[in-house]
Structure formats: C-alpha cells, structure tokens
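Close look at the chain arrangement
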Amino acid sequence: TPDEMRLALAAMKEDLFSMDENDAMARLLELMFSRVNVSTGLAFEIGENGSLLGAPDLQTHLADWLGQLSPIRAAGLGKIALNKAGTKLGPDLFAIHLRNFANGTSPEDPEKAAFIRQKFNQILDNPEWTEEPTHAVAESMDFAVYLQQGDLVAPLSGFISPDGSPALGHAASLAVERLFDLNPVESGVSILQTIGEGAVNPAARAGFVARLDPGNPAELEILESYVRHPGVNPEEAGTFLKHFPNLNMTLSHNLLSPKISITNMSSIDQ
C-alpha cells in the first residue's frame, strides 16, 4: 500500500543516512548505477526545501537522496545524465537531476544559467510531456522562477489556455505570477508579446499585468502600453481594472526556488 511504501522508503533512507558518508555514497551510487528500480505507487510530490515527499519509482528517490547527501557530486552526475540521456530519463528523473545540478553548482559558474535554461526549454518543447503532463512536469515550471528570466513569461503563458492541461496551466500560472514579482519589467514586456496571439487566456494576462507597480516608471510604461493596446478588448480591460492592483500571493513548497517574502502593509497602502 502507499503507506507501507512510504514506511519502507523512510527506513531505507534512514539506513543510508546513518552510515558513514563514504559508505552511504558508495551504496547509493551502487544502487543508482545498477538501475534496479521499483514502482512505488506514489505521486511526485515536493516537500520542504525542494526535497521529495514521494515519487513514482525508486530511482527518482535515490537521485533525490544523492542531492541531499552530496550536492556537488549530485550536480556532476545530474549534468552527465541530462546530457547523455536527456528526456529519455523521463520527467521525474529529469526534474530531480536538473534540480540537483542547480543546487550543487556554484553560482559563479558562467554556464550554469544557460544549462538550466537549455534543459528547461527541452521540457517546454516536448509535446509528449506538456500535452499530458505528469506532476513532475508541472513542478518543473519552477525552473523558470529560479532563473528569474522574464522572457519566459510568453512561452509559459501559452500553457494557460482553456484548450490545454488544467494542471500545467495552473503550474505555469503560478510561475508567471512569481516571475512578475521577481522581474516585473522583463515579464511585462514579455506578456505584451502575447496580445493578439489568441493562445493565452486574456483573463489570466489581465491578472498578471495588474501585478505591475505604477510607482515604477518602467512598469508604468508597460501598464500604459497594455491598456492602450488595440488588441486588448473591453472585456480583458475590464478584468484588468477589476483586479488592479493585484497583490495576491501564493505560498508553496517548490522544486527549487525559495519562497517570496509577503508584501508588507505599508507597501500595499502606498
């Protein structure tokens, strides 16, 4: 049963983590390289600090534990696996190896962001994953938040459509919301590019734009461009005005990105 499986995995992890670090690493790598696998019957679920509460198979749990035992070693192995097998790893292992790479690679590494963006684009460009997304694919939208690259807003917004997957649309919406909080100007410029394309839910776009701060000149310019844009119909403009200013905040356990601090009351009043 799922409960029994959770207990078995917890016992296995406790045994590994109670060993000497070198012995634990040797045993863990032995299990990973043997490729022995077991279906757990558990869903891919994120807990505190991006660690897994559950995953569909043992190998994904092993990769998660490796990231906790030795972030630097896990980052190196993750990069090799992602380059060698790519999407053949499946979305669960792909997500964990990419998370491990991000966590264990120095921020000073000049190629770090480019590698994460390249691999994240492989997720976005894989219709097999995005049309019928697993929990891991949905959670992977958090890589966009970690990168804080506002130009990702346009491709992410394409998943927020009545014709798309509700689960992926919800995950993409949360990622866009947080990108607007972290990088509002670049995100705003990117969302303007989706007007008139028809792929993005106009109500969702209105809510994102309503997060911009008119006290910032660059954000005010985007707001003015939006409300005056001939492609924004009265219904969308009405939705924008209804939500503006949009100060809603979603708090969650995320695959990689930290939580965003809640806006203080003085800022809301202002």
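If you're wondering where the values come from, they're calculated on a predicted model, not measured in any experiment.

**Let's talk about the nonpolar core**
Soluble globular proteins: nonpolar side chains tend toward being buried together. Residues Leu28, Phe44, Leu66, Phe120, Met141, Leu152 and Leu156 are the most contacted members of the largest nonpolar core, which totals 70 residues. Beyond its immediate stretch of four places on either side in the chain, Leu66 contacts Met25, Leu28, Leu29, Met32, Pro71, Ala74 and Leu77.

**Observations concerning the environment of Tyr146**
You can see Tyr146 is positioned in helix α9 (residues 142-147). Classification of Tyr146 by relative accessible area gives partly exposed; the value is 27%. Here the alpha-carbon distance between Tyr146 and Asn254, two residues 108 residues apart in the chain, equals 9.8 Å. Apart from residues no more than four positions distant in its own chain, Tyr146 is found in contact with Ala102, Lys112, Ile116, Leu256 and Ser257. In this structure the side chain of Tyr146 is engaged in a polar contact, spanning 3.0 Å, whose partner is the side chain of Lys112.

**Quick look at unusual backbone geometry**
With an omega of 0°, the peptide bond between Phe244 and Pro245 qualifies as cis. In this fold, Pro245 is placed in the loop between α15 (234-243) and α16 (265-269). Of note, the phi angle at Arg35 is positive, near 60°, even though the residue is not glycine.

**Overview of the packing of aromatic side chains**
One pass over the full model with this rule turns up six aromatic pairs. Through a chain of ring-to-ring contacts, three or more aromatic side chains come together here, namely Tyr226, Phe240 and Phe244. Sitting above the plane of the Phe17 ring, Lys13 keeps its charged end 5.3 Å from the centroid. Between Lys79 and the ring centre of Phe115, over which it is positioned, the NZ or CZ distance is 5.6 Å.

**Thoughts on the packing of helix α12 (residues 184-192) against helix α14 (residues 217-228)**
Packing of α12 against α14 brings their axes to within 9 Å, and their N-to-C directions diverge by 15°. On the basis of their axis angle, the class for α12 and α14 is roughly parallel. In the crossing of α12 with α14, the sense of the turn from one axis to the other is left-handed. Residues Pro184, Val185, Gly188, Val189 and Leu192 of α12 form the contact with α14, whose participating residues are Ala218, Glu219, Ile222, Ser225 and Tyr226. Along the lines of polarity and charge, the residues of the contact of α12 with α14 split into seven nonpolar, two polar and one charged.

Scoring rules and cut-offs
Residues numbered from 1 in each chain as written. Predicted model: local features only at pLDDT ≥ 70, side-chain atom pairs only at ≥ 80, totals over all residues. Heavy atoms only, no water. Core = buried A, V, L, I, M, F, W, Y, C linked by side-chain atoms within 4.5 Å. Buried < 20%, exposed > 50% of the residue type's maximum accessible area, 1.4 Å probe, protein only. Contact = heavy atoms within 4.5 Å. Helix = DSSP H or I, 4+ residues; strand = E, 2+ residues; numbered from the N terminus. Polar contact = N/O pair within 3.5 Å; in protein donor to acceptor, adjacent residues only side chain to side chain. Phe/Tyr/Trp six-rings, centres within 6.5 Å; stacked < 30°, edge-to-face > 60°. Lys NZ or Arg CZ within 6 Å of the ring centre and 35° of its normal. Axes fitted to C-alpha atoms, helices over the stretch in contact; angles between N-to-C directions. Parallel < 35°, antiparallel > 145°, perpendicular 65-115°, else oblique. Left-handed = near helix turned anticlockwise from the far one by under 90°. Nonpolar A, V, L, I, M, F, W, Y, C, P; charged D, E, K, R; others polar.

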